[in-house]
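# Architecture and fold: a report
One letter stands for each residue in the lines below.
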Amino acid sequence: MDKIIYLDNAATTKTSPEALAAMLPYFSEHYGNASTIYRLGAESKKAVTEARDTIAKSLGAESPEIYFTAGGSEADNWALIAAAESYEGKGKHIITSAVEHHAVLHTCRYLEKRGYEVTYVGVDEKGILKVEELKKAIRPDTILISVMFANNEIGTLQPVAEIGEIARKKSILFHTDAVQAYGHVPINVDDLHIDMLSASAHKLHGPKGVGFLYIRKGVKIRSFIHGGAQERGRRAGTENVPGIVGFGAAVKAAFEGMEEHSAKIQKLRDYLTEKVLNEVPFCRLNGDREKRLPNNINFSFDFIEGESLLMMLDMKGICASSGSACTSGSLDPSHVLLAIGLPHERAHGSLRLTLSEENTLDEMDYVADAIKEIVDRLRQMSPLYEDFIKRRN
Ligand SMILES: *Cc1c(COP(=O)(O)O)cnc(C)c1O
């Protein structure tokens with residue numbers, strides 16, 4: 001295959017060589033079950049403990065507050081469903097945002113069918129949660145607020161500290177889906193009053209199929225997978241030792257040089273953003289300029305279809321996304337882009353580019369030129385564009 005320019009790191013990342021190297025011995029050498037008492041198993045247990053300690057430290061949490069799961073979706077499902085069922089004695093009302101990942105939104109729909117009430121708080125045109133609206137939504141029977149740390153489509157960072165404080169004052173549980181933010185921006189669960197937090201290894205150069213749910217000590221939510229006594233009896237199933245070890249290694253690397261990595265990626269991001277905004281007419285950047293993940297770009301191009309753009313970028317070896325990975329393949333425009341007020345046509349013409357440290361300035365030039373050429377070509381074929389030009393002249 002020709003060279004690939006990978007700009008879809010919000011969908012998944014390449015497992016780093018360090019994470020892979022850390023994992024390999026746990027497949028065929030240290031393959032013991034971590035719950036056994038012989039030495040082979042003890043090695044696995046030790047490795048899991050080390051990864052758990054690394055992760056706990058990265059959040060300012062205690063090791064027993066970290067529960068490994070099979071990814072971000074499982075952590076989100078667990079947090080919402082188990083919190084709802086464990087606290088229903090207090091009430092059956094949940095507050096979330098209109099721009100959550102489907103792992104949260106579809107779980108809320110599931111809970112609604114089971115008699116819970118969910119309020120979906122809106123966002124402004126930059127994608128930032130309307131905190132006043134959130135405050136007004138709180139009722140005596142509200143048991144949970146779940147708002148994501150950073151949005152997976154437009155990269156907007158939410159006012160998590162403010163939300164945490166509101167939740168704490170009202171004694172309401174606060175969960176945050178930090179899958180996009182964890183390992184990319186600093187997070188301290190105590191400073192931010194976070195009670196539960198979801199994360200996933202494959203979004204920060206770890207392996208796929210492993211994540212965790214942080215559950216603050218004292219938060220009594222039921223177990224999610226029933227069976228063995230793993231994860232202190234709250235999440236049964238033989239530990240995914242290689243996955244957990246790879247996760248730990250990825251976290252270590254992400255946190256060690258976070259500021260440096262972010263600065264480097266942000267520079268590439270801003271370069272590409274400016275270049276495209278300057279060179280491609282009828283194009284805008286979605287999301288907030290400042291309160292944004294360091295690696296996220298989301299453009300809307302008038303008069304074109306995001307799907308055609310993606311296919312033509314792929315021909316040039318560029319991997320990108322329109323809307324979120326989960327919605328591509330369906331014709332519905334992204335719920336996030338609609339929530340920030342984009343009309344349907346403009347939401348359809350959107351392009352998400354999410355960078356990593358492996359990208360280079362040369363690639364940014366190549367990508368900007370490719371976008372310019374393809375958008376131009378697609379517009380030449382667009383009756384909407386033809387119409388617009390005719391009317392304008
Ligand atoms: C990717 C993602 C998830 C799902 O995580 P998986 O590990 O793929 O299940 C959940 N929330 C957000 C914000 C994500 O970006």
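Residues numbered from 1 in each chain as written. Predicted model: local features only at pLDDT ≥ 70, side-chain atom pairs only at ≥ 80, totals over all residues. Heavy atoms only, no water.

## Things to note about the overall build of the protein
Helix and strand counts for the protein come out as 14 helices and 12 strands. A compact globule built from 393 residues should have a C-alpha radius of gyration of about 21 Å, and the protein, at 22 Å, falls within 12% of that. Burial analysis of the protein (393 residues in total) assigns 56% to the buried set. Long-range pairs, those at least 24 residues apart, make up 72% of the contacts in the protein with a sequence separation of at least 6. (Helix = DSSP H or I, 4+ residues; strand = E, 2+ residues; numbered from the N terminus. Rg over C-alpha atoms; globule rule 2.2 N^0.38 Å. Buried < 20%, exposed > 50% of the residue type's maximum accessible area, 1.4 Å probe, protein only. Contact = heavy atoms within 4.5 Å.)

## Remarks on the packing of aromatic side chains
Counting across every chain of the model gives 11 aromatic pairs. Pairing Phe282 with Phe303 gives two aromatic rings, centres 5.6 Å apart and planes at 85°, and the pair type is edge-to-face. With Phe282 in the loop between α9 (258-279) and β9 (283-285) and Phe303 in the loop between β10 (296-301) and α10 (306-315), the pair connects residues that are 21 residues apart, well separated along the chain. Taken together, a centroid distance of 5.7 Å and an interplanar angle of 50° make the contact between Phe299 and Phe301 tilted. Comparing Phe299 with Phe301, the two get one shared label, buried. A connected cluster of aromatic rings, assembled from ring pairs, spans Tyr182, Phe212, Phe247 and Phe255. Positioned over the ring face of Tyr116 is Lys92, at 4.8 Å from the centre of the ring. Looking at Arg232, its charged tip hangs above the ring of Tyr67, at a distance of 4.3 Å from the centre. (Phe/Tyr/Trp six-rings, centres within 6.5 Å; stacked < 30°, edge-to-face > 60°. Lys NZ or Arg CZ within 6 Å of the ring centre and 35° of its normal.)

## Quick word on the sheet that holds strand β6 (residues 173-177)
Judged by pairing direction, the sheet is mixed, and its 7 strands sit side by side in the order β2-β8-β7-β6-β5-β3-β4 without closing on themselves. The strands lining the two open edges of the sheet, one partner per strand, are β2 (66-69) and β4 (117-121). Sheet twist, expressed as the average angle between the axes of neighbouring strands with direction ignored, equals 20°. Where β6 lies against strand β7 (residues 196-200), 3 bridges are found, and the strand directions are parallel. Bridged to Thr176 within β7 is Leu197. (Pairing = 2+ DSSP bridges. Axes fitted to C-alpha atoms, helices over the stretch in contact; angles between N-to-C directions.)

## Section: the site of the ligand
Not every one of the 13 residues close to the ligand is listed here, only the nearest: Ser73, Asp177, Gln180, Ser200 and Lys203. Between the ligand and the protein, one listed contact pairs an oxygen atom with a backbone N or O atom of Gly72 at 2.8 Å. One nitrogen or oxygen atom from the side chain of Ser200 is found 2.6 Å from an oxygen atom belonging to the ligand. In isolation the ligand exposes 380 Å². Once the protein is present, 87% of that is buried. A per-class count over the shell around the ligand returns 2 nonpolar, 8 polar and 3 charged. (Near = heavy atom within 4 Å. Polar contact = N/O pair within 3.5 Å; in protein donor to acceptor, adjacent residues only side chain to side chain. Areas by Shrake-Rupley, 256 points an atom, 1.4 Å probe, with all protein chains shown as cover. Nonpolar A, V, L, I, M, F, W, Y, C, P; charged D, E, K, R; others polar.)

## Topic: a nonpolar patch on the surface
A contiguous nonpolar patch, built from Leu20, Leu24 and Phe27 and spanning about 300 Å² of accessible area, is present on the exposed surface. Tracing the chain through its elements places Leu24 in the loop between α1 (17-23) and α2 (25-28). Residue classification places Leu24 among the partly exposed positions, given a relative accessible area of 48%. (Patch = residues over 30% accessible without salt bridge, like charges linked within 9 Å, V, L, I, M, F, W, Y side chains within 5 Å. Salt bridge = Lys/Arg side-chain N within 4 Å of Asp/Glu carboxyl O.)

## A look at the domain arrangement of the protein
As assigned here, the protein comprises domain 1 (5-13 + 258-392) and domain 2 (17-256). Computed from C-alpha coordinates alone, the two centres of domain 1 and domain 2 are separated by 29 Å. A buried area of about 2,600 Å², summed over both sides, lies between domain 1 and domain 2, and 57% of it is on carbon and sulfur atoms. Ranking the residues of domain 1 by area buried against domain 2 places Thr13, Met258 and Leu293 at the top, with a combined share of 27%. (Domains from an automatic or database assignment. Buried area = accessible area lost by both parts, 1.4 Å probe.)

## Focus: the packing of helix α4 (residues 72-86) against helix α5 (residues 102-113)
Axis separation between α4 and α5 bottoms out at 9 Å; the angle between their running directions is 30°. As summarised for this structure, α4 and α5 are arranged roughly parallel, according to the angle between their axes. The handedness of the crossing between α4 and α5 comes out as right-handed. Contacts between α4 and α5 pair Ser73, Asp76, Asn77, Leu80, Ile81 and Ala84 from the former with Ala103, Val104, Thr107, Cys108, Tyr110 and Leu111 from the latter. Looking at side-chain class alone, the contact of α4 with α5 contains 8 nonpolar, 3 polar and 1 charged residues. (Parallel < 35°, antiparallel > 145°, perpendicular 65-115°, else oblique. Left-handed = near helix turned anticlockwise from the far one by under 90°.)

## Details of the nonpolar core
In this structure, Ile187 and Phe212 are the most contacted members of the largest nonpolar core, which totals 53 residues. Counting residues per element, the ones that place at least two in this core are α3 (39-59), β2, α6 (131-137), α7 (160-169), β7, β8 (211-215) and α8 (241-256). Sort the elements by how many residues they give to this core and α8 lands first, with 8 residues. Not counting chain neighbours up to four residues away, the residues in contact with Ile187 comprise Ser58, Leu59, Phe149, Ala178, Ala181, Tyr182, Leu192, Ile194 and Leu197. (Core = buried A, V, L, I, M, F, W, Y, C linked by side-chain atoms within 4.5 Å.)

## Regarding α9
Residue pairs spaced three or four apart in an α-helix point in one direction, given the helix's 3.6 residues per turn. Relative to the 32 Å expected for 22 residues at 1.5 Å per residue, α9 spans 31 Å between its end C-alpha atoms, a close match to the ideal helical length. In the core, the buried residues of α9 are packed alongside α8, β9, β10, β12 (350-354) and α13 (361-380). (Expected span 1.5 Å × (residues − 1).)

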